[in-house]
Amino acid sequence: MQDYGSIAIMPITGKLKTTNYAVKFTHADERSTPYVYRLNLASQKIHAAVTATPRCGMMEFTADAADSLYLLITPNSDTGEGYIKADAKNGEIYGYNPAHRIYQGWGQYAGFKGYFVIRVSRSFTTKGTFAGDEIFTEDSIKAQKNIGAFIGFRMQKGEKLYVKIGTSFSSLQGARKNLNAELPGWDFNNTLEKCRQTWQRALEQIKVVTKNQTNKRIFYTAFYHAMQHPRLYNDEDGIYPKFAGNDQLERIVNGNYYDDYSLWDIYRAQIPLFEILRPRLVNDVVQSLILKGEQGGWLPIFPCWNNYTSEMIGDHSLSIIASAYLKDITTANVKEAYRLMQQNAFDIPTQQEYKAGKGRRALASYIKYGYIPLEDSVKDAFHKMEQVSRTMEYAYDDYALSQLSKKLRIDADYQLLIKRADNYKNVFDITTGFVRGRMQNGDWIKTFNADIRQPYITEGTPRQYTFYVPQDVPGLARLMGGRDRLENELDSIFIKNEYWHGNEPGHQIPFMYNFTGNSWKTQREVRAILANEYNDGPGGLGGNDDAGQMSAWYMFAAMGFYPLNPISGEYLLCSPIFDQVSIKLPDGKKFSIITHKASKKAMYINAVKWNGEAYTKNYITYGGIKKGGRLEIFLQDTPCKNWAARVKDQPKGLQIQ
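Predicted model, so just to flag it, every value in this text is computed and none were measured. All residue numbers refer to position in the chain's written sequence, counted from 1. Confidence filtering applies because this is a predicted model: local features only for residues at pLDDT of at least 70, side-chain atom pairs given and counted only at 80 or more, and all residues used for totals across whole chains, interfaces and linings. Excluded from the side-chain calculations are hydrogens and water; all other atoms, namely the structure's heavy atoms, are used.

A. How the structure looks around the pairing of strand E25 (residues 590-597). In this analysis, strands are considered paired if DSSP registers two or more bridges between them. Each helix is a run of H or I in the DSSP string that is no shorter than four residues. Each strand is a run of E no shorter than two, and both are numbered from the N terminus. Note that strand E24 (residues 580-584) and E25 share five bridges and pair antiparallel. Pairing of Lys-584 across the sheet is with Lys-590, part of E25. Between E24 and E25, which pair antiparallel in sequence order, lie five residues; one of them, Gly-588, sits at a positive phi of approximately 95°. For E25 and strand E29 (residues 629-636), the ladder comprises seven bridges, and the chain directions are parallel. Its bridge partner lying in E29, Ile-594 is registered against Glu-632.

Put into structure tokens, the structure is as follows:
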């Protein structure tokens, strides 16, 4: 997710420069932790450090030699906008940087700004503004390219300068209030320690035991990454910019308001991880989605920049909201949530709304044909075409809403939606055994190669997307010709080296062997992915982390269970890489996973126990985890072809709905 509304603060020693001031540094000169970042700028003879509170930052600059020190404060506006003032009388530098939309409505003003209020620990007399290399004596400047303000000091060797930055998406007053509330003093070390304790409490919620320090580092780095989004938007008093508004403000009374939901990604594993660890956050996430729907008129498809984007395909706010209600996580108004979800699933937006990014793309075609035909090129979308992938993801989202309809006893909707959950079958060509582009008259596109990227598939090949049926893997197996055929097709994607872990549509694929007679292949493939796609050095992720999804996948897989179908509350088992995992649940209970290995290299499950009793299923449930307990997994060196091979020990798919 991009930064926006941001500012840059740069220390300059010696002579003032407002352009070409970048300095070289080496990674040996930096130290990065979740709670403090330190950097030795040797050429500047400055040691810099930064720590944070939820809405504010604090910096420490230590002079390694007596010299002049200037701070350049730059609103990072790509559009030549923004405003900044160096107010020596009140000891503040403040301003704003307007945010702009991308994807849908590209370049339009997003309806809010990044506001900042900065204070320094010493009074400043040297000050000014600049635009590029032009320097001005005026104390404020706005609406020009490369603008900024500078303040200057004379520093003695060993002297420290502290900088506090309050931020807000709502107003300068909001930034000032946040600064006063969260950073009232100047104690950098105390602020750092509070930040350290915050992250310590968060990361110690899961404790892993292993002698493999590399795996441990990867796991906790993934944990840290998984908690970066969604983005906190409201000020400490609850004020936040209205969704898809125009500098209008709202106030949230209970909880926090969040934005930047990479929905195509995070519904798969990142949000399910929070459902276990931080259900209160999930409640806020759901409440925020509902507020967006109320304020903008439609539930968003991919809300970023506090706006509609329609950046990716699917309608996965339905998955997140439905899952929270089905698991009794959220207390948000279910009637209002259902109204908005129902609208997304059934109603066609006006042309004006559609162009603004509201509503499902190509919904009219989807409802009419039961799939999106190739004649519909899906205009007014950042991702055009991709008709087959859209059909399959809408089928999953319809399944998600159907389950909430069922719980709420809205039978008419349930009957319609559960049939639409089968729409993936309408783009599955039984003659080839793969999903395939289809015309309005029902004909399949004539040229076809399952292993070449096609315009009707999102970021992948027909072979890869054929496996995107999280709501009904058994149904997909029947379409293919049975469990053995499903297993053979899963084999093919790995034999052809076509499994692509760096992108989300295939994240469920290795776990799908749990629906065949050879669950041990899930254990083999997941272990290979953990070993080959992640490490603790540069390039440690096989692809874009996508707001924490890639990292959350690692966490689940490394612990030994994964939510292939997030709505169902079922987690498919694989072999943990840790000796022990202990999860502190929010209500004080504990869920533990104990791994018993026949040897150091053992990775194949031959038995499982739940609270001391033999357990034959190859999945566990949210309800079981929530109660707390002890899951023991026994591993041997060679594949165990009997464990969980029976259909009755595997998830059932749509046939039991």
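B. View of the sheet that holds E24. Spatial ordering of the open sheet is given by E15-E24-E25-E29-E26-E27, a layout of six strands whose pairing is mixed. Looking at which strands have only one partner, the edges of the open sheet turn out to be strand E15 (206-209) and strand E27 (613-614).

C. Region of interest: the packing of aromatic side chains. Each aromatic pair joins two rings of Phe, Tyr and Trp (for Trp, the six-membered one) with centres within 6.5 Å, and gets the label stacked for planes under 30 degrees apart, edge-to-face for over 60, and tilted for any other angle. Per the counting criterion, the structure on display carries 42 aromatic pairs. Connected via pairs of aromatic rings, a cluster forms that spans Tyr-4, Tyr-103, Trp-106, Phe-112, Phe-169, Tyr-233, Tyr-240, Tyr-257, Trp-305 and Phe-382. Positioned over the ring face of Trp-186 is Lys-164, at 4.1 Å from the centre of the ring. The ring of Tyr-622 has Lys-327 lying over it, and the distance from NZ or CZ to the ring centre is 5.8 Å. Ring-over charges, as used throughout, are those where CZ of Arg or NZ of Lys falls within 6 Å of the ring centre and within 35 degrees of the ring normal.

D. Spatial organisation of the pattern of salt bridges. The salt bridge criterion pairs a side-chain nitrogen of Lys or Arg with a carboxyl oxygen of Asp or Glu, the two atoms within 4 Å. Under the criterion given, the structure shown has 32 salt bridges. One salt bridge connects Arg-119 with Glu-92, and the closest N-O pair in it is separated by 3.1 Å. On the criterion of sequence distance, the pair formed by Arg-119 in strand E9 (residues 109-120) and Glu-92 in strand E8 (residues 92-100) is long-range, its members being 27 residues apart. The classification of residues rests on relative accessible area computed with a 1.4 Å probe and restricted to protein chains. Under 20% of the type maximum is buried, over 50% is exposed, and intermediate values are partly exposed. On the accessibility criterion, Glu-92 (6% relative accessible area) is buried. Note that Asp-422 and Lys-425 form a salt bridge whose closest N and O atoms lie 3.4 Å from each other. The class for Asp-422 is partly exposed, based on a relative accessible area of 26%.

E. Representation of the nonpolar core within the structure. Ranked by internal contacts, the top residues of the largest apolar core, which has 161 residues, are Ile-206, Phe-219, Ile-276, Leu-486, Met-559, Phe-561 and Ile-583. With nine residues, the top contributor of residues to this core is helix H17 (residues 549-559). Among the nonpolar cores identified, the runner-up in size contains 26 residues, and Leu-69, Ile-73, Ala-131 and Ala-149 belong to it. Buried residues of nine kinds, namely Ala, Val, Leu, Ile, Met, Phe, Trp, Tyr and Cys, make up a nonpolar core once their side-chain atoms join them within 4.5 Å.

F. Fine view of the side chain of Asn-344. With respect to the helices, strands and loops of the structure, Asn-344 is situated in helix H8 (residues 334-346). The exposure class of Asn-344 is buried, given its relative accessible area of 0%. Looking at Asn-344, its side chain comes within polar contact range of the side chain of Asp-315, at 3.0 Å. What makes two residues a contact is simply this: any of their non-hydrogen atoms within 4.5 Å. Sequence-distant contacts of Asn-344, defined by excluding residues within four places in its chain, comprise Trp-298, Leu-299, Ile-301, Asp-315, Leu-318, Arg-360 and Leu-363. Distance and chemistry together define a polar contact, namely a pair of N or O atoms within 3.5 Å, with one atom able to donate a hydrogen and the other to accept it when in protein, and with adjacent residues in sequence counting only for side-chain atoms on both sides.

G. Local environment of the sheet that holds strand E4 (residues 46-52). Pairing is antiparallel across the open sheet formed by nine strands, whose spatial order is E2-E3-E4-E5-E14-E9-E8-E7-E12. For this open sheet the edge positions go to strand E2 (30-32) and strand E12 (140-142), each flanked by a neighbour on one side alone. Geometrically, the sheet is characterised by an average inter-axis angle of 15° between neighbouring strands, direction not taken into account. In this sheet, E12 lies alongside strand E7 (residues 83-87) in antiparallel orientation, the contact comprising three bridges. Bridge pairing in E12 links Ile-84 to Ile-141. Here an axis means a line fitted to C-alpha atoms, over the contact stretch when the element is a helix, while the angle between two N-to-C directions is reported on a 0 to 180 degree scale. In the packing of helix H1 (residues 172-182) onto the sheet, contacts are made with strand E5 (56-63), E8, E9 and strand E14 (160-168), and the angle to E9 comes to roughly 45°. Relative to E4, helix H2 (residues 188-203) is tilted by about 45°, and along the sheet it contacts strand E3 (37-41), E4, E5 and E14.

H. The arrangement of the environment of Ile-141 in detail. Relative to the helices and strands, Ile-141 is located in strand E12. On the basis of relative accessibility, which here comes to 7%, the residue Ile-141 falls in the buried class. Considered as a pair, Ile-141 and Ile-620 are 479 residues apart in the sequence and their alpha carbons are 60 Å apart. Those residues within four positions of Ile-141 in sequence are excluded, and the remaining contacts are Gly-82, Tyr-83, Ile-84, Thr-129, Phe-130, Ala-131, Phe-136, Ile-147 and Gly-148.

I. Structural context of the packing of helix H7 (residues 317-326) against H8. One way to put it is that H7 packs onto H8 with a least axis distance of 11 Å and a crossing angle of 145°. The chirality of how H7 crosses H8 is left-handed. Judged by residue contacts, Leu-318, Ile-321, Ala-322 and Tyr-325 of H7 engage Val-334, Ala-337, Met-341 and Asn-344 from H8. By the definition used in this description, the sense in which the near helix is turned from the far one sets the handedness, with an anticlockwise turn below a right angle giving left-handed and a clockwise turn giving right-handed.

J. Summary view of the layout of surface pockets. In this analysis the probe radius is 1.4 Å and the grid spacing 1 Å, with only protein atoms considered; a cavity is a set of points the probe fits into but cannot get out of, a pocket is an open set with protein on both sides within 12 Å along at least five of seven lines, and lining residues have an atom within 4 Å of a point. Grid points are joined across faces, edges and corners, and a volume is the space filled by probe spheres set on the points. Estimates place the volume of the second largest pocket at around 840 Å³. Ser-32, Thr-33, Pro-34, Thr-221 and Tyr-224 are, among the 27 residues lining the second largest pocket, the residues nearest its centre. Counting residues per element, the lining of the second largest pocket draws most heavily on helix H3 (residues 213-226), at seven residues. Looking at the lining of the second largest pocket, its residues break down into 12 nonpolar, 10 polar and five charged. Amino acids outside the nonpolar list (Ala, Val, Leu, Ile, Met, Phe, Trp, Tyr, Cys, Pro) and the charged list (Asp, Glu, Lys, Arg) are all regarded as polar, and Gly is one of them.

K. Broad picture of the packing of H2 against H3. Contact geometry for H2 and H3: axes closest at 11 Å, N-to-C directions at 110°. By the angle between their axes, H2 is roughly perpendicular relative to H3. At the point where H2 passes H3, the crossing takes the right-handed sense. Facing H2, whose interface residues are Trp-199, Ala-202 and Leu-203, H3 presents Tyr-220, Phe-223 and Tyr-224. In what follows, roughly perpendicular refers to angles from 65 to 115 degrees, roughly parallel to angles under 35, roughly antiparallel to angles over 145, and oblique to any angle outside these ranges.

L. Broad picture of helix H14 (residues 473-480). Taking burial as the measure, the eight residues of H14 include six buried ones, the bulk of the element. By the burial criterion, the buried members of H14 are Val-473, Pro-474, Gly-475, Leu-476, Ala-477 and Met-480. Elements that come into contact with the buried residues of H14 comprise strand E20 (428-429), helix H13 (462-466), helix H15 (483-495) and strand E22 (561-565). Of the residues that open H14, the one with a side-chain oxygen 3.1 Å from the backbone nitrogen of Gly-475 is Asp-472. Within two residues after H14, Gly-481 carries a phi angle of roughly 120°, on the positive side.

M. Region of interest: the side chain of Ser-262. Among the structural elements, Ser-262 can be located in the loop between strand E19 (258-259) and helix H4 (263-266). Judged by relative accessible area, which is 2%, Ser-262 ranks as buried. A polar atom in the side chain of Ser-262 sits 2.4 Å from the side chain of Asp-265.

N. Geometry of unusual backbone geometry. Omega for the peptide link from His-229 to Pro-230 comes to 0°, which places this bond in the cis form. Relative to the assigned elements, Pro-230 resides in the loop between H3 and strand E16 (231-232). Its identity as a non-glycine residue notwithstanding, Met-385 has a phi of 55°, on the positive side. Of note, Met-385 is situated in the loop between helix H10 (363-369) and helix H11 (387-408). Here Arg-409, not a glycine, exhibits a phi torsion of approximately 60°, which is positive. Here Arg-409 lies in the loop between H11 and helix H12 (411-420).

Taken by themselves, the reported measurements are silent on function.
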